[in-house]
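Architecture and fold: a report
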Amino acid sequence: MPKLEPRNLPDLVRHPILTEKATIMMEQNKYTFEVTPKSTKTQIKAAIEDLFQVKVVKVNTALQPRKKRRVGKFTGFKPQYKKAVVTVASGDEVKIRQVLFPDV
């Protein structure tokens, strides 16, 4: 297992996923993020705890399948990504607005 370097942790989390299902899960203290495909659950947990100062209880990950895309006669694939559903302790909250608009 690679050593966790604190300066590399923020690069693991790309951005939050804001879908209808994800916003419903926020009421249960579950937040969804797109992360780098090679990151592990322990690295994701450390990154979220460091970025948002919350206590992470559980991390579920899923490597989403590649989707085929076509432009004219050329076929290709959209890039593959990893989705992480992070459950935080009750009473803690992840400020999604802070992530999307850091200057506000």
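Residues numbered from 1 in each chain as written. Predicted model: local features only at pLDDT ≥ 70, side-chain atom pairs only at ≥ 80, totals over all residues. Heavy atoms only, no water.

The chain is annotated in an unreviewed UniProt entry as Large ribosomal subunit protein uL23 from Cylindrospermopsis raciborskii CS-506_A. According to the UniProt record, the Sequence similarities (unreviewed entry) comment for the chain is "Belongs to the universal ribosomal protein uL23 family." (UniProt positions renumbered as here; feature names shortened; annotations may be inferred.)

Some remarks on the nonpolar core
Of all hydrophobic cores here, the largest spans 18 residues; its most connected members are Phe33, Ile44, Ile48, Val54, Val86 and Val94. Broken down by secondary-structure element, the contributors of at least two residues to this core are strand S2 (30-35), helix H2 (41-52), strand S3 (56-63) and strand S6 (82-88). Ranked by residue count, the leading element in this core is H2, at four residues. Not counting chain neighbours up to four residues away, the residues in contact with Val86 comprise Asn29, Lys30, Tyr31, Phe33, Ile44, Ile48, Val56 and Lys58. (Core = buried A, V, L, I, M, F, W, Y, C linked by side-chain atoms within 4.5 Å. Buried < 20%, exposed > 50% of the residue type's maximum accessible area, 1.4 Å probe, protein only. Helix = DSSP H or I, 4+ residues; strand = E, 2+ residues; numbered from the N terminus. Contact = heavy atoms within 4.5 Å.)

Brief notes about the layout of surface pockets
Here the largest pocket defines a volume of roughly 160 Å³. Within the residue set of the lining of the largest pocket, elements represented by two or more residues are helix H1 (20-26) and S6. The residue inventory of the lining of the largest pocket, partitioned by class, reads five nonpolar, two polar and two charged. (1 Å grid on protein atoms, 1.4 Å probe; cavity = no way out; pocket = protein on both sides within 12 Å on 5 of 7 lines; lining within 4 Å. Points joined across faces, edges and corners; volume = space filled by probe spheres on them. Nonpolar A, V, L, I, M, F, W, Y, C, P; charged D, E, K, R; others polar.)

Details of the pattern of salt bridges
Per the stated rule, a full pass over the model turns up two salt bridges. The closest approach of N and O atoms between Arg14 and Glu34, which form a salt bridge, is 3.3 Å. Taken together, the residues Arg14 in strand S1 (residues 13-16) and Glu34 in strand S2 connect sequence positions 20 residues apart. For Arg14, a relative accessible area of 43% puts it in the partly exposed group. (Salt bridge = Lys/Arg side-chain N within 4 Å of Asp/Glu carboxyl O.)

Comments concerning H2
Structurally, the α-helix is built with 3.6 residues per turn, so residues lying three or four positions apart point the same way. The end-to-end C-alpha distance of H2 is 16 Å, a good match for the 16 Å that 12 residues give at a rise of 1.5 Å each. Those residues of H2 that fall on the buried side of the exposure criterion are Gln43, Ile44, Ala47, Ile48 and Phe52. Each buried residue of H2 sits inside an arc of 130° when the element is viewed along its axis, so together they form one side. (Expected span 1.5 Å × (residues − 1). Arc of directions from axis to C-beta.)

Looking at the environment of Val88
In this structure, Val88 sits in strand S6. Setting aside residues no more than four positions away along its own chain, Val88 makes contact with Asn29, Tyr31, Val54, Lys55, Val56, Val57 and Val94.

Focus: the packing of aromatic side chains
With the rule as written, the count across this model stands at one aromatic pair. Stacked on the ring of Phe77, the Lys or Arg Arg66 has its end atom at 3.8 Å from the ring centre. (Phe/Tyr/Trp six-rings, centres within 6.5 Å; stacked < 30°, edge-to-face > 60°. Lys NZ or Arg CZ within 6 Å of the ring centre and 35° of its normal.)

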